[in-house]
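A look at the structure
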Amino acid sequence: MKKMIAMIVSMLLVFSCLPAMFVFAAGAPARGSYIDDFEDGALSAPFTNWGDYAVAEGVGKGGSKGLVGHRSYAYVEFENAMTTDDIAVITYDFKISALPTDVEADTTFLTLGQWPHNGSVGIQAKYYVSTGKADFVNGANTVAVDTSAWYRMIIFKESSAPGSGQQFLLDDSGALLLSKTNLWMDPISSGYDRFTPFNMSDVGAEIVVDNLALDYFDKSTATPTLQSSSITSGATNVLRNQTFRFTFNQALHSDSVIAVTGGNTNPVVVSKPVANYIDVSFTSLLERNTTYTVSFAGVKNASGTACSDASISFTTEDVHVLSAPVVGDVTPVTDVTTKVAFTLSDPYNYPKFTGIVAAAVYDVNNSLLGFDLLPVADVAMGTETELTFGFGLTDAKIVKIMAFDYANGLMPLAVGEKALS
C-alpha cells in the first residue's frame, strides 16, 4: 500500500493540467512524507524507475513484495533547486541478493546514496574476483557484504549547498557500519535536484529494496517527529534488559536527549544521536512490573527546533521462564548434606537470578528421597554455582535442580536433572 502524507491538493491539480512534455517523470513532490512498500506491485511517485527494477513477490523484508533490480537506478526529482531551509531524507532497506557474475577484474558494482548527476560519490560495494566476495567501501573503511542480510540506508540532504549531504549505512539491527558526511550535492545545470538512492552496474549483481521512503520538509517550520520506535506506547510484559531505538524524520542535533522516568534503580544511558535516531539503554535490569515513561521534549533537529511528540509509556514483565538448569558435580558432604553444582541460564540474557533454588533426589523407582530449598540473590547466569542442600545421597539415582520465583508466591521457572552413577 502506498502512503502519501501531506500532499498539496492544489499543486496536484496544477500539474494534472500541464502538457506531459513539461512534467518531470516522477512529478516534483510537494513537501510531505512518502513511503513505498511495493505491496500494490509497482514503484510509485515520487520515485521514477530509470533501470530494470521490477516488483517481485516474496523477496522483501519478512517475505513481502520488494523491488528487484540489476542495472541503473531509481530516482526522485525536484523541479527547482532546494532552498536553504529545505531538507530531504531518503531511507530504505536493501539486500545485495547476488554478487557480480559478468566481471573478470575487481569491480565496484553498486553505489548507495549517489546524488550525482552533479555531486560526490556515495558509499559503494566492490566485488573481488580472487575471493568471490564483496565489501561496502567508504575510502579506507570497509565492511563485508553478507548476501543473506538486510541493511538500512539513511540519506540526508539539506538545501542545494555543497557539503550538505550525509549518508549512513546500518545493519538490520540498526548498528552503524559506515557513514559519509560533507558530501557535495549540487543541483544539476538545468536547475533541479535529482536524488539517486541506489545505482547498480550491469554486471550480473542484484539488489532488493523495500520500504523506500522520502521525507521532504522545511526545517524552519517543521518540528522533528517520531517516525518509528522499537517500543510501542502501552506495551506490557516488556523485557527488562532492552535497548530501545527511537527514529525521527529529520537529522538530529547532537545535544538531543531522551528522558525516561519510572522505577528508582536504573540509570538511563542515552546515546548520542546517529543520523536520525537515538538509542536508550539502562545500566542494569529495569524493575519488574513497573511502568516507565519516555519523553521526547529534549529532542531537537539540526536547526534546534524541538520535537513536539507526546511521551510514550510501557510496563515491564513480572517474570518469565528460565532455560533448564545444567546440573554439574553432585558431592556428598555428610550423610545428610550434599553439594550440588549447577548453572542457570536465561533465554533473554538477563545477567542474574534472585529467587529460590530447590534440589531433590530420587531413587531408582523415582520416589522422592530428599528435598531442600535455599534463597539466592544475584546468582550469575551462565556461571556455575555450588550450594549445599540438606539431604544425603543414600540410594539416590537422580538429582533435580529447580528455580522458583517467590516475589508473588512460589512460581516454578525451570527444572534440570542429572542421573547419578
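From a predicted model like this one, the values you see are computed outputs, not experimental measurements. (Residues numbered from 1 in each chain as written. Predicted model: local features only at pLDDT ≥ 70, side-chain atom pairs only at ≥ 80, totals over all residues. Heavy atoms only, no water.)

Here we look at the overall build of the protein
- Helix and strand content of the protein: one helix and 31 strands.
- A burial count over the protein gives 46% of its 421 residues as buried.
- Within the protein, residue pairs in contact and separated by at least 24 positions form 66% of the contacts whose partners lie at least 6 positions apart.
- When the accessible area of the protein is evaluated, it comes to approximately 19100 Å², of which 52% is carbon and sulfur surface. (Helix = DSSP H or I, 4+ residues; strand = E, 2+ residues; numbered from the N terminus. Buried < 20%, exposed > 50% of the residue type's maximum accessible area, 1.4 Å probe, protein only. Contact = heavy atoms within 4.5 Å. Areas by Shrake-Rupley, 256 points an atom, 1.4 Å probe, with all protein chains shown as cover.)

Points about the environment of G174
- Relative to the elements of secondary structure, G174 occurs in the loop between β13 (165-171) and β14 (176-183).
- Assessed through its relative accessible area of 7%, G174 is described here as buried.
- For the pair G174 and Y277, spaced 103 residues apart in sequence, the C-alpha to C-alpha distance is 9.3 Å.
- Non-local contacts of G174, meaning those with residues more than four positions away in its chain, are made with R245 and Y277.

Describing the pairing of strand β25 (residues 326-334)
- For β25 and strand β26 (residues 337-343), the ladder comprises six bridges, and the chain directions are antiparallel. Its bridge partner being in β26, V327 is matched across the sheet by F342.
- Counting the residues that bridge the hairpin from β25 to β26 gives two residues. (Pairing = 2+ DSSP bridges.)

Brief notes about the sheet that holds strand β18 (residues 235-238)
- Read from one edge of the open sheet, four strands run β18-β24-β23-β20, paired in mixed fashion. Two strands bound the open sheet, and with one partner strand each, they are β18 and β20 (259-261). Sheet twist, expressed as the average angle between the axes of neighbouring strands with direction ignored, equals 25 degrees. (Axes fitted to C-alpha atoms, helices over the stretch in contact; angles between N-to-C directions.)

Some points on the packing of aromatic side chains
- For the structure on display, the rule yields 14 aromatic pairs.
- Measuring from ring centre to ring centre gives 5.4 Å for Y53 and F198, while their planes differ by 65 degrees; the resulting arrangement is edge-to-face. Pair noted here: Y53 is in the loop between β3 (47-49) and β4 (54-56) and F198 is in strand β15 (residues 193-200), with a separation of 145 residues, a long-range link.
- For Y53, a relative accessible area of 5% puts it in the buried group.
- F198 gets classed as buried once you look at its relative accessible area, which sits at 0%.
- Judged by centre distance (5.3 Å) and plane angle (65 degrees), the rings of F246 and F296 are edge-to-face. Highlighted residues: F246 in strand β19 (residues 244-248) and F296 in the loop between β23 (291-295) and β24 (312-316), separated in sequence by 50 residues. (Phe/Tyr/Trp six-rings, centres within 6.5 Å; stacked < 30°, edge-to-face > 60°.)

Digging into the sheet that holds strand β31 (residues 411-419)
- The antiparallel open sheet is built from four strands, whose spatial order is β28-β27-β30-β31. Looking at the sheet topology across the chains shown, the edges are occupied by β28 (368-380) and β31. Adjacent strand axes in the sheet meet at a mean angle of 20 degrees when their direction is disregarded.
- Across eight bridges, the pairing between strand β30 (residues 398-405) and β31 is antiparallel. Bridge pairing links I401 to G416 in β31.

A look at the layout of surface pockets
- Roughly 600 Å³ of volume is contained in the largest pocket.
- In terms of lining residues, the largest pocket is bounded by 27 residues, among which D93, R152, Q227, S228 and T247 are the most central.
- Every element with two or more residues in the lining of the largest pocket is listed here: β1 (2-5), β2 (32-36), β7 (86-98), β12 (151-158), β13, β16 (206-218), β17 (226-229) and β19.
- The element best represented in the lining of the largest pocket is β16, accounting for four residues.
- The residue inventory of the lining of the largest pocket, partitioned by class, reads eight nonpolar, 11 polar and eight charged.
- Approximately 440 Å³ is the volume attributed to the second largest pocket.
- Broken down by element, the residue count for the lining of the second largest pocket peaks at four residues, all from strand β27 (residues 352-362).
- The residue makeup of the lining of the second largest pocket, split by class, is 10 nonpolar, four polar and eight charged. (1 Å grid on protein atoms, 1.4 Å probe; cavity = no way out; pocket = protein on both sides within 12 Å on 5 of 7 lines; lining within 4 Å. Points joined across faces, edges and corners; volume = space filled by probe spheres on them. Nonpolar A, V, L, I, M, F, W, Y, C, P; charged D, E, K, R; others polar.)

None of the figures reported here should be taken as evidence of function without further support.
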